[in-house]
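# Remarks on the overall topology
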Amino acid sequence: MPFVFPSPLRVLAAIVYGAITFLAGFWLFESFQFYARATSVSLLSMFLLQTVLPRLRRTLAWRPKVKLMYFNIDGLGEPIRLALTQAGVPFDDHRFKEGEFAQIKPTLAFGQVPCLVVDGREIVQTASILRYVGKVLDGTGTLYPADAAVAQRVDAMMDQTKDMMTGRMAHKYRERFGFGSLDDKAVAEVEAAWFASTLPRHLAFFETALAESGSGWLVGSRTPTAADFLVGCQLRAFEKTCADKVTMPAALAAYTERLFALPAVAKFKAGEKKAA
């Protein structure tokens, strides 16, 4: 079959079709790059707005006046002092002088301390205070992580600490907890059972959690959380006040040493000893 030259109209149509195809392909390629860049910028913006900028705002723009009121002992004030110290938050470490607590007790929510005062606003209950420190005052965002799953584990460890101490507090402060009718013999029996059975069971829970975390801290975080300060301070209290009644697992003893060896914590404790 002899070759037939296409008509000028068909040539023009082919050129137009080719040009349209080329432009469409080029547009799709450019569009893909544009949307990829736009998506990256959008994700980066979301990250900055949700994490970096709030921390910068807390760290640079807001310098609250913070005061912690508690007795001149470690107790429930210690984890808060150390958490504030670790977070780099300047605070007035107010320790009651003799007779002072009785005067202000009627004005306090629940009539108890520790009480954290932030720009005049009073915050009470140890775990609640630690959460506030982590969520609001800690510019690093590590004491109480934004990740809900990790924060839940922090809460669980703090609640478990309270469960561990419930029996101890009830027999130690019998009048306050409604056990005023118990005589000294009954209290001694309850205390012996708590040290022999209840406490070792709870220590085993924490020992297991620490082993499973793999990070050296209770919830698997790279740095200590509010839970570590609450648990670690309670373990240190056992070592200081009732070592003859508590067999501390080696892993928990090492964990406590690691917590108190943190540079900021060690410096705070050294200054505390110097001021005593």
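Residues numbered from 1 in each chain as written. Predicted model: local features only at pLDDT ≥ 70, side-chain atom pairs only at ≥ 80, totals over all residues. Heavy atoms only, no water.

### Examining the sheet that holds strand 1 (residues 66-70)
Spatially, 2-1-3-4 is the arrangement adopted by the four strands of the open sheet, whose pairing is mixed. Every interior strand has two partners, whereas the edge strands, strand 2 (92-95) and strand 4 (121-124), have only one. On average, each strand axis in the sheet is tilted by 20° relative to the strand beside it, whichever way the strands run. With respect to the sheet, helix 2 (residues 78-86) is in contact with strand 1, strand 2 and strand 3 (115-118), its orientation differing from that of strand 1 by roughly 160°. (Pairing = 2+ DSSP bridges. Helix = DSSP H or I, 4+ residues; strand = E, 2+ residues; numbered from the N terminus. Axes fitted to C-alpha atoms, helices over the stretch in contact; angles between N-to-C directions. Contact = heavy atoms within 4.5 Å.)

### Quick look at the pairing of strand 4
As paired elements, strand 3 and strand 4 share four bridges and run antiparallel to each other. What sits directly across from L116, in strand 4, is I123. The turn joining strand 3 and strand 4, which pair antiparallel and follow one another in sequence, is formed by two residues; a positive phi near 50° is taken by D119.

### As for the environment of H202
With respect to the helices and strands, H202 occurs in helix 6 (residues 184-213). For H202, a relative accessible area of 7% translates into the label buried. Considering only alpha carbons, one finds H202 and D163, 39 residues apart in sequence, at a separation of 8.6 Å. Non-local contacts of H202, meaning those with residues more than four positions away in its chain, are made with Q160, D163 and M164. (Buried < 20%, exposed > 50% of the residue type's maximum accessible area, 1.4 Å probe, protein only.)

### Regarding the packing of helix 5 (residues 148-172) against helix 6
Put simply, helix 5 and helix 6 touch, their axes get as near as 8 Å, and they point 170° apart. It follows from the interaxial angle that helix 5 and helix 6 lie roughly antiparallel. Within the contact between the two elements, helix 5 uses M157, Q160, T161, D163, M164, M165, G167, R168 and H171 and helix 6 uses V187, V190, E191, W194, F195, L199, H202, L203, F205, F206 and A209. Considered class by class, the residues forming the contact of helix 5 with helix 6 number twelve nonpolar, five polar and three charged. (Parallel < 35°, antiparallel > 145°, perpendicular 65-115°, else oblique. Nonpolar A, V, L, I, M, F, W, Y, C, P; charged D, E, K, R; others polar.)

### A look at the confidence of the model for the chain
The predicted model of the chain averages 86 in pLDDT, with 78% of residues at 70 or higher. Low pLDDT, under 50, characterises residues 1-6; the stretch is placed with one contact to residues that sit more than four places away or in other chains. (pLDDT = per-residue confidence, 0-100.)

### Considering the side chain of E272
With respect to the helices and strands, E272 occurs in helix 9 (residues 263-275). The exposure class of E272 is buried, given its relative accessible area of 18%. In terms of polar contacts, E272 uses its side chain to reach the side chain of R95, at 2.6 Å. The contacts of E272, once residues within four sequence positions are left out, are E78 and R95. (Polar contact = N/O pair within 3.5 Å; in protein donor to acceptor, adjacent residues only side chain to side chain.)

### Focus: the pattern of salt bridges
A complete count under the given rule lists 14 salt bridges for this structure. The residue R81 makes a salt bridge to E78 at a minimum N-O spacing of 3.3 Å. Taken as a pair, R81 and E78 lie in helix 2 at a separation of three residues, close to a single helical turn. For the pair R81 and E78, a shared accessibility class is recorded, and that class is buried. With a shortest N-O distance of 3.7 Å, E191 and K245 are connected by a salt bridge. Separated by 54 residues along the polypeptide, E191 in helix 6 and K245 in the loop between helix 7 (226-241) and helix 8 (250-260) bring together distant segments of the chain. Three or more residues are tied together by salt bridges with common partners; here these are D74, E78, R81, D93, R95, K240, K269 and E272. (Salt bridge = Lys/Arg side-chain N within 4 Å of Asp/Glu carboxyl O.)

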